[in-house]
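# Coordinates in review
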Amino acid sequence: MPDLPEFPRRLTLELTNACNYRCSMCPSRLNAGEPRGMMDPALFRRLADEAAEHPPLALVPFFRGESLLHPELIPLLTHAKSRGLGPIQLVTNGRLLDGRIGQALLDLGLDFISFSLDTVRPEEYATIRQGGELAPVMANVERFLDRRAAGGYPTEVQVSATRTRDNAASIGEFVEFWRERVDRTRIYYEHSTDGHPGSLDCPEVPREMPRRPCLKPYGDMVVYFDGGVAACNHDWFRRPPLGDLTRQTIARVWGGPAYGELRRQHEDPERMRDSTCAHCDHWKMYYLAQPFIGELHTPSRERSHAQSA
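Below is a summary of the structure that appears in this document. In every chain, residue numbers begin from 1 and rise along the written sequence. Local features in a predicted model are, by the rule used here, given only for residues with pLDDT of at least 70; side-chain atom pairs are given and counted only at 80 or more, and totals for whole chains, interfaces and linings are based on all residues. Only hydrogens and water are set aside; all other atoms, that is, all heavy atoms of the structure, feed into the side-chain values.

It is worth spelling out unusual backbone geometry at this point. Cis geometry is found at the peptide bond from Gly86 to Pro87, where omega equals 5 degrees. When you line up the elements, Pro87 lands in the loop between helix 2 (73-82) and strand 4 (89-92). The peptide bond linking Arg239 to Pro240 adopts the cis configuration, its omega dihedral lying at -5 degrees. Within the secondary structure layout, Pro240 lies in the loop between strand 10 (229-230) and helix 7 (250-254). In this structure, Asp118 is a non-glycine residue whose phi angle is positive, near 75 degrees. Numbering of helices and strands runs from the N terminus; a helix is a DSSP stretch of H or I covering at least four residues, while a strand is a stretch of E covering at least two. Following the sequence through the fold, Asp118 ends up in the loop between strand 5 (112-116) and helix 4 (122-128).

Next comes the structure, spelled out in structure tokens:
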């Protein structure tokens, strides 16, 4: 097992679990009655300040919802950046990324942004991302790319698609359209189709694979908008949470008994009783030939923006 750091190396702060779309493959459908809310800006700042005392640390200001819905998005990310946190990695569906917000993200020094797009076909987009329209999103992304290029900003840009039955035939077209326009094009596999967050059914992940420890409990922490703590980005509905950061510090929860018990279960597969981890397949990625699940495409020609694996 890896050595346990005194503090997480990757911290996800869910700005909101509300979303302006209803996506066909989103695990939120598994618990449609989940309360929606926004993270208290004071809580975000306190957690960012604590994290800043333990560099290096990647910050992900996104989990189950659309972070651009949070009215304090830019001030909060500016605060985190000013405290030296990073890389800061944002994920968005891009619908709310108007010129003002896009420019502000570039100016504050956002390290990485990923646009969840899924297809370049309008009819497929309307089916997959229910409540959305492709044309304005494409315009928003193109404007962001133009401003990045014009200003020489270092923000790395990814676009992604989740492979489903609705877009499987057009994934190649999606990759070809974006490959030379952005730094990374990611294709993910749909998960949680059996009703369990994190479960997978895809050709590159063996169904029968002896259970081994997941490494996420040794590096990741996810914080729901209300301060509850989850183990990772596949831990959508943990009850009870691993801790409550409205009353505790990150360090206390990280070294606390709930996290300790979760790690002990991973170290001894016969003890795996955790309701989320028992059905999740993403632990397998650590033991595959490539250290991720899905496809990663980068430009064929040299680009001024650095590529990452």
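This part is about the sheet that holds strand 5. We call two strands paired when DSSP finds no fewer than two bridges between them. The strand order 4-5-7-8-11 describes an open sheet built from five strands, whose pairing is mixed. With one partner strand each, in any of the chains shown, strand 4 and strand 11 (295-297) form the two edges of the open sheet. Strand-to-strand twist across the sheet, computed as the mean angle between neighbouring axes with direction ignored, equals 20 degrees. Judged from the four bridges that link them, strand 4 and strand 5 form a sheet pairing that is parallel. Residue Gln89 lies in a different strand from strand 5, and its bridge partner there is Phe112. Residue contacts are defined here by distance: any two heavy atoms, one from each residue, within 4.5 Å place the two residues in contact. Fitted lines through C-alpha atoms give the axes, limited to the stretch in contact for helices. The angle between two N-to-C directions lies from 0 to 180 degrees. The strands touched by helix 5 (residues 134-151) within the sheet are strand 5 and strand 7 (156-163), with strand 7 carrying the most contacts at an inclination of about 155 degrees.

Let us look at the side chain of Asp235. Looking at the element boundaries, Asp235 is found in the loop between strand 10 and helix 7. A polar contact of 3.1 Å, which involves the side chain of Asp235, links it to the side chain of Thr276. Not counting the four nearest positions on each side in its chain, Asp235 is found in contact with Phe63, Tyr224, Ala230 and Thr276. Polar contacts here mean pairs of N or O atoms no more than 3.5 Å apart (in protein, one a potential hydrogen donor and the other a potential acceptor; neighbouring residues in sequence count only if both atoms are side-chain atoms).

Between rings of Phe, Tyr and Trp, where Trp is taken as its six-membered ring, a pair exists when centres lie within 6.5 Å; planes separated by under 30 degrees are stacked, by over 60 edge-to-face, and by other angles tilted. Applying the stated criterion to the full structure yields eight aromatic pairs. Arranged with centres 5.8 Å apart and planes meeting at 75 degrees, the rings of Phe115 and Phe144 form a pair that is edge-to-face. Here Phe115, found in strand 5, pairs with Phe144, found in helix 5; they are 29 residues apart in sequence, far enough to count as distant. Grouping residues by exposure puts Phe115 and Phe144 together as buried. Pairwise contacts between aromatic rings join Phe63, Tyr224, Trp236 and Phe237 into one cluster. We call a charge positioned above a ring when the Lys NZ or Arg CZ atom is no farther than 6 Å from the ring centre and deviates by at most 35 degrees from the ring normal. A cation sits over an aromatic face here: Arg263 above Trp254, 4.5 Å from the ring centre. Using a 1.4 Å probe on the protein chains alone, a residue whose accessible area is under 20% of its type maximum counts as buried, one over 50% counts as exposed, and one in between counts as partly exposed.

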